[in-house]
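# Tertiary structure, described
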Amino acid sequence: MLCSISWADKGVEKPWLQGWLTRVIVMPEKEPVLSIKDLRVGIEGNEILHGINLDIAPGEIHAIMGRNGSGKTTAASTIMGHPDYEVNSGSISLNGEDLLELEAWERARKGVFLSFQYPQAVPGLQVGHFLRKSVASIRGEDAAKGPAFRQSLKSAMEEVSIPRTFLSRYVNDGFSGGEKKRFEILQLMLLQPKLAILDETDSGLDIDGIRVVSRGINAAIRGSDSGALIITHYSRILEHVKPDHVHVLIEGKIVKSGGPDLALELEEKGYEWLESEAEIGE
Amino acid sequence: MAMEDARGAVGDYDMGWHDPEHSTIRFDSGLSEEVVRNISSIKNEPAWMTEVRVKAYHHFIERAMPGFGDTKALEGIKFDEVCYYLRSSDATEKDWDDVPDDIRNTFDRLGIPDAEQKWLSGVTAQYESEAVYHSIREDLEAQGVIFLDMDSGLREFPDLVKEYFCSVIPYQDNKFSALNTAVWSGGSFIYVPKGVKVEMPVQAYFRINAKNMGQFERTLIIADEGSSIHYVEGCTAPTYSTDSLHSAVVELIALDGAHIRYSTIQNWSANVYNLVTKRGIAHKDASIEWIDGNIGSKLTMKYPSVILKGEGSHAEVISIAYAGKGQHQDAGAKVHHLASNTTSKILSKSISKDGGRGSYRGMVTVSPKAENCKLNVVCDALILDDQSQTDTYPTMEVANSSARCEHEASVSKVSDDQVFYLMSRGHSEEEALAMIVNGFFEPFTRELPMEYAVELNKLMALEMEGSIG
């Protein structure tokens, strides 16, 4: 909005134009939600990501596609701050703020969210209690309390078709694969992160499950200033959550980026035709 | 040893302060027949009690140490250095204002008068060897409920005490039941008349204050036919670099159709040997539940037991043990099915951390004549690091083939992925650990009155603090 003020200072006479111009001018200058520069990451001495670059602007949804073992989960875990992954060089920043020095919980409080491919069970920890605690720790002062919290919880649960009985169950304990994924999306909706990373959220879901979690992702990201990174090796979920950009990750490198059509192309042609490009890039 | 050193040895312990010792009577350290007779005589006890004490004393001297549990640590107990009787206040008061200031302050800090007002039916507060405060709600008294400290119980209801004292746990049971019988002082005496249901719990709080103190309270609870009561016991002690000894005996008698629940949160400082014998007898259709939490102490050896004597009776033992640095929790449960259609459930959960050791020791027996019994034993251990240890000694002796037995045991470690998952939801590593640990104990915690559950969760969160290396 700074720009609009400076424009006004210059004495523009047509107010209808001002709004339009503001949008045009502000958009490119807005800081990316996520900015990754030349990121190299290894685990136990083996480098897995060989220099990744990625910018996600506010309101954008990006997809990273790639086969198993291409480094997708490494990317997701590294952004979240898993201690096992060593960052050898490069940078990750959230709205311009460096994340690399922060622990996972600090990143979460800054607004990074990861929907896990394999969410962990915590027996004895009740879902309702866990959600309240997590919302309080991440959203702090902004966290809804009392009846307001219960209301937001209720509507989010309806959105992702989670019954009330869930609240007294233990976190991911004895959940079916589909329940785990819906529970991740429920957390996404309640925590309202600035950056949502969804690691293989569609894997193991049937078509109804994909539709439900997609509804949740769209509700959480669309129309907000947040960004999302969807990690997947199928294009199915991308039919329901339309990405603005699609990147193909092969052997730890982004070998191709494009619009939503790239996902369809991959669906048709597979990854092989891009592998040669990866080699050329070496 | 400086206080800081002691804290280094035992970790941070919130209840570890102590008052200046003030005593109206303090026996010299060490044990002899004379000491035993002196205890009995200053209490003006009937001759039969003196006699039982003396017999028990001789049995204690002759009896060998238990051959199981932490035998090495047991050898370290210096019986000659223990003070066997210390009286800090000459009376058991009915009004907190009459309790000596120091002692009153201690119980204030422990939150006892506050809890009493809010949600308890009655309270006994024991400091060293004697109860210093005692009270029961008037409506319960009017219904004939007796809730006294054990010494007053013996004075006011000698026949009832004589009938049941040592009836569930004879002094010959083990070395420490003999010791307790010889030198017992304080504890609770409860009688609930037929059909009376005491809705709110009664609580006893045991506090050791002096160095090298031995606390030997004796509790006897009799629930007459169709009655019910929930008794809650809490214990703490100051942190000293020398050891204290806590060796209690608790006997429960649940007559036909009665229900006794006995909940304990033992949070002794890490210089206390906690060697306790607890056992109940359940008559026809009666039920006895031990809810047993062991957080503190240097060594705990305790196996709450139930004898299912009457047909259709039920036993439940739900216990947790937390073994931190320098601690060994050797805990478990015993149930003996002597009658038909009896059921039992044992759930034991232990956590070991910073080199602590948690052991489950359990025994369930079914006698040949007991038909259609149901037994369920579950023991779970959670290990928080590589230095810590857990072991399990389950025994089942089933002499009747109609019994249905279930036994499950599990040992798990906190995984990095579990911690990372919780951290990704905004919780620090310590908070994440506390969530996992409190979740693990949840099946126990949910059995506690709300106020205790909250306290226990806080306590475990404190234990997780500063634990991240």
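Residues numbered from 1 in each chain as written. Chains lettered and ligands numbered in written order. Predicted model: local features only at pLDDT ≥ 70, side-chain atom pairs only at ≥ 80, totals over all residues.

### A few points about helix 14 (residues 450-464) of chain B
Residue and element names in this part refer to chain B.
- Its 15 residues give helix 14 an end-to-end C-alpha distance of 21 Å, which sits within 8% of 21 Å, the value for a rise of 1.5 Å per residue.
- Within helix 14, burial applies to Tyr-452, Leu-456, Met-460, Glu-463 and Met-464. Projected onto a plane normal to the axis of helix 14, the buried residues spread over an arc of 115° and lie on a single side. Turned more than 90 degrees away from the buried face of helix 14 sit Met-450 and Val-454, all of them exposed.
- Looking at the buried side of helix 14, the elements it contacts are strand 13 (259-266), strand 15 (287-294), strand 18 (314-323), helix 12 (429-440) and helix 13 (442-445). (Helix = DSSP H or I, 4+ residues; strand = E, 2+ residues; numbered from the N terminus. Expected span 1.5 Å × (residues − 1). Buried ≥ 20, exposed ≤ 12 C-beta atoms within 10 Å, placed from the backbone. Arc of directions from axis to C-beta. Contact = placed C-beta atoms within 7 Å.)

### Thoughts on the pairing of strand 1 (residues 34-43) of chain A
Residues and elements named next belong to chain A.
- With seven bridges joining them, strand 1 and strand 4 (residues 86-94) adopt antiparallel strand pairing. Residue pairing for strand 4: Lys-37 is matched across the bridge by Ser-91.
- Pairing between strand 1 and strand 2 (residues 46-56): eight bridges, direction antiparallel. Bridge pairing in strand 2 links Val-41 to Leu-49.
- What sits between strand 1 and strand 2 in their antiparallel hairpin is a turn of two residues, with Glu-44 showing a positive phi close to 50°. (Pairing = 2+ DSSP bridges.)

### Quick look at the confidence of the model for chain A
Residues and elements named next belong to chain A.
- Averaged over all residues, the pLDDT of chain A is 86; the fraction at 70 or higher stands at 87%.
- Confidence drops under pLDDT 50 across residues 1-17; counting only partners more than four residues distant or on other chains, this segment forms 13 contacts.
- Overall, residues 19-27 carries pLDDT values under 50, and its contacts beyond four positions in sequence, including any with other chains, amount to six contacts. (pLDDT = per-residue confidence, 0-100.)

### Quick notes on the nonpolar core
- Counting residues in each nonpolar core, the largest one holds 211 residues, and the members touching the most others are Ile197(A), Ala223(B) and Ala254(B).
- In contact with Ala223(B), other than residues within four places in its own chain, are Val192(B), Ser228(B), Ile229(B), Ile253(B), Ala254(B), Leu255(B), Ala258(B), His259(B) and Ile260(B). (Core = buried A, V, L, I, M, F, W, Y, C linked by C-beta atoms within 7 Å.)

### Some points on the packing of helix 2 (residues 33-42) of chain B against helix 3 (residues 47-62) of chain B
All names here are of chain B.
- As a packed pair, helix 2 and helix 3 sit with axes 9 Å apart at the nearest point and diverge in direction by 155°. In terms of their interaxial angle, helix 2 and helix 3 are classed as roughly antiparallel. Remark: the crossing between helix 2 and helix 3 carries right-handed chirality. Contact residues: helix 2 offers Glu-33, Val-36, Arg-37 and Ser-40, while helix 3 offers Met-49, Thr-50, Arg-53, Val-54 and Tyr-57. (Axes fitted to C-alpha atoms, helices over the stretch in contact; angles between N-to-C directions. Parallel < 35°, antiparallel > 145°, perpendicular 65-115°, else oblique. Left-handed = near helix turned anticlockwise from the far one by under 90°.)

### So, the environment of Ile221(A)
Residue and element names in this part refer to chain A.
- Considering the arrangement of structural elements, one finds Ile-221 in helix 8 (residues 207-221).
- The sequence separation of Ile-221 and Asp-55 amounts to 166 residues, and the corresponding C-alpha distance is 16 Å.
- When near neighbours in sequence (up to four residues on either side) are disregarded, Ile-221 contacts Ile-61, Ala-196, Ser-226 and Ala-228.

### Concerning the sheet that holds strand 11 (residues 245-250) of chain A
Residues and elements named next belong to chain A.
- Overall, mixed pairing links the six strands, which are arranged 6-9-10-3-11-12 in an open sheet. A strand with exactly one partner marks an edge of an open sheet, and here the two such strands are strand 6 (112-115) and strand 12 (253-258). Geometrically, the sheet is characterised by an average inter-axis angle of 20° between neighbouring strands, direction not taken into account.
- Relative to strand 9 (residues 195-199), strand 6 runs parallel, the two sharing four bridges. When the sheet's bridge partners are listed, Val-112 is paired in strand 9 with Leu-195.

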